[in-house]
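A look at the structure
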Amino acid sequence: MNIAFVSSSVYPDIVKKVVDEEFSYLNVTYLTYKDHTEIAGVLDERQKDFDAVLFSGLLAYHHCCAHCRRKVPWMVVRSLSSHMASTLRKADAEGYDISRVSVDSISLKEVKNAFAELGESVRDDSVFCLEPTTDDFLNLDYSENVTAFHVACVEKNGVTCCLTSALKSYEKLRAMGIPTVFIEASFDTFRRAFYQLYLQVSEGQNRQSQIVVIAAEMQMPGEDSIVAVDDLNFVKSRLRMAEKVYSFASRLQGIVSETACNQYLIIAAKSDFSAATQDFNQFELFEELSSDVLTNTHLGIGMGKTASQARQHAHVALERARLRGNDTACLVDSLGETVLFTSFRKTDDRDKYLEDEKIVRLARRSKISVRRMYQLYDVFKKSKKASFTSQELSELLGISKRNMDRLLSRLEAAELVRVVGMKSGDGFGRPSRLIQLSLSYEE
């Protein structure tokens, strides 16, 4: 499948990474412009070379809609509150004051949702939003108008940080010395956009794929796991999983089959699944399982022309999710292609690892990976427990106790963990140390 990706120079590198890692079966041509008005003429000549066109933003998209006849499916990357949340995290990590912000291209509701995602509330009078119409995007002075909006917000409303998705405005505001951060789409956003475009283009094939099977699995705890030691907690986790699975199946009008004590299959119509998940853009079941079940979860979603084929693809997807890592979902379509890997836990967004400068500094100090540092941080942040043993942490992170002990040694050397007590097991063997994470260190 041949896809044209239309964007400024900001996005090709990240999109190439998305395509190389997860869409090897797509042939992507990058149509990169310096001025968005250039692209309509290029598409007019080359559009039939592609099966579809994906635009990184609304500016070039609306211009092409007005000046170029659509001959293949077009789609624009959707602006999400997650973009805004990532931008706010980045601005905060870089030392910007985000108590009063001006934002273009995103609604006040989305901005408030982004602040809520960060665990903060924001007053309406501390956020100033510019929501352009189609006519605004077609105005050749669009960038100048966006720049003027932000300048006015700084001068008249005391805005402390400007957030913009217009590259030219970003460059001008920065040149003027105004605190400005660029609203950049994330790796996960492009992953979902390519998945949705793939489904749209292959609609003829997927129309025959009427069945979806979801394999939901709760990882079985090891013999020394805190869940295994306490039978009551394990039973509670199973019951919570069953409740979430049956509730989601009810919304799909699907049926549930318990294939093991830790695994369920949901069989439903593809149309109901697409509607409930907004074409896999939101997946409440995985969010709930990831946050409410004590052990790690994996989901495999399989599509097929028949229930048998969909079930086979669901098991393939489940195995690929296991290989991918903890709390991961994988979707395999009716052709057997892995069209999407993702984690719906907000704290697992890979861009957050890069944007949270504090976590990056701590990882560098302790000489462990940023991803592992954030996973460890997330365990302590989300758990109601104040401290853990090394064995408990190894189970929660999905690594061996030996590797966990190595991590703890590095963290102790960096003064990022401390021993707060000892925990006895069943009365035999040596007591285990209780570890508490400390992120109070600052360079």
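Everything that follows concerns the structure shown earlier in this document.
The sections below set out a description of the structure shown in this document. Quick caveat: nothing in here was measured; it's all calculated off a predicted structure.

Spatially, 4 strands are ordered β6-β5-β7-β8 in an open sheet, and the strand pairing comes out parallel. Each edge of the sheet is formed by a strand with only one pairing partner; in this case those strands are β6 (127–130) and β8 (180–182). The average undirected angle you get between the axes of adjacent strands in this sheet is 15°. For strand β5 (residues 101–104) and strand β7 (residues 161–164), the ladder comprises 3 bridges, and the chain directions are parallel. From the neighbouring strand, valine 103 faces β7, where its bridge partner is leucine 163. Relative to β6, helix α5 (residues 108–117) is tilted by about 135°, and along the sheet it contacts β5 and β6. In this fold helix α8 (residues 167–175) packs onto β7 and β8, with an angle of close to 155° to the strand it touches most, β8.

Let us look at the packing of aromatic side chains. According to the stated counting rule, one finds 11 aromatic pairs in the structure shown. Between tyrosine 61 and tryptophan 74, the ring centres sit 6.5 Å apart and the planes meet at 70°, which makes this aromatic pair edge-to-face. With a gap of 13 residues between them, tyrosine 61 in helix α3 (residues 58–67) and tryptophan 74 in strand β4 (residues 74–76) connect regions that are remote in the sequence. As far as the burial class goes, tyrosine 61 and tryptophan 74 line up, both buried. A cation over an aromatic ring shows up here: lysine 16 above the ring of tyrosine 30, its NZ or CZ 5.3 Å from the ring centre.

Moving on: unusual backbone geometry. Of note in the backbone geometry, glutamine 253 takes a positive phi value of approximately 55° without being a glycine. Structurally, glutamine 253 is set in the loop between α12 (231–252) and β10 (255–260). One non-glycine residue, glutamate 415, lies in the positive phi region at around 60°. For glutamate 415, the location among the structural elements is in the loop between α20 (401–413) and β15 (417–423). A relative accessible area of 60% means that glutamate 415 is categorised as exposed.

Rules used throughout
Residues numbered from 1 in each chain as written. Predicted model: local features only at pLDDT ≥ 70, side-chain atom pairs only at ≥ 80, totals over all residues. Heavy atoms only, no water. Pairing = 2+ DSSP bridges. Helix = DSSP H or I, 4+ residues; strand = E, 2+ residues; numbered from the N terminus. Axes fitted to C-alpha atoms, helices over the stretch in contact; angles between N-to-C directions. Contact = heavy atoms within 4.5 Å. Phe/Tyr/Trp six-rings, centres within 6.5 Å; stacked < 30°, edge-to-face > 60°. Buried < 20%, exposed > 50% of the residue type's maximum accessible area, 1.4 Å probe, protein only. Lys NZ or Arg CZ within 6 Å of the ring centre and 35° of its normal.

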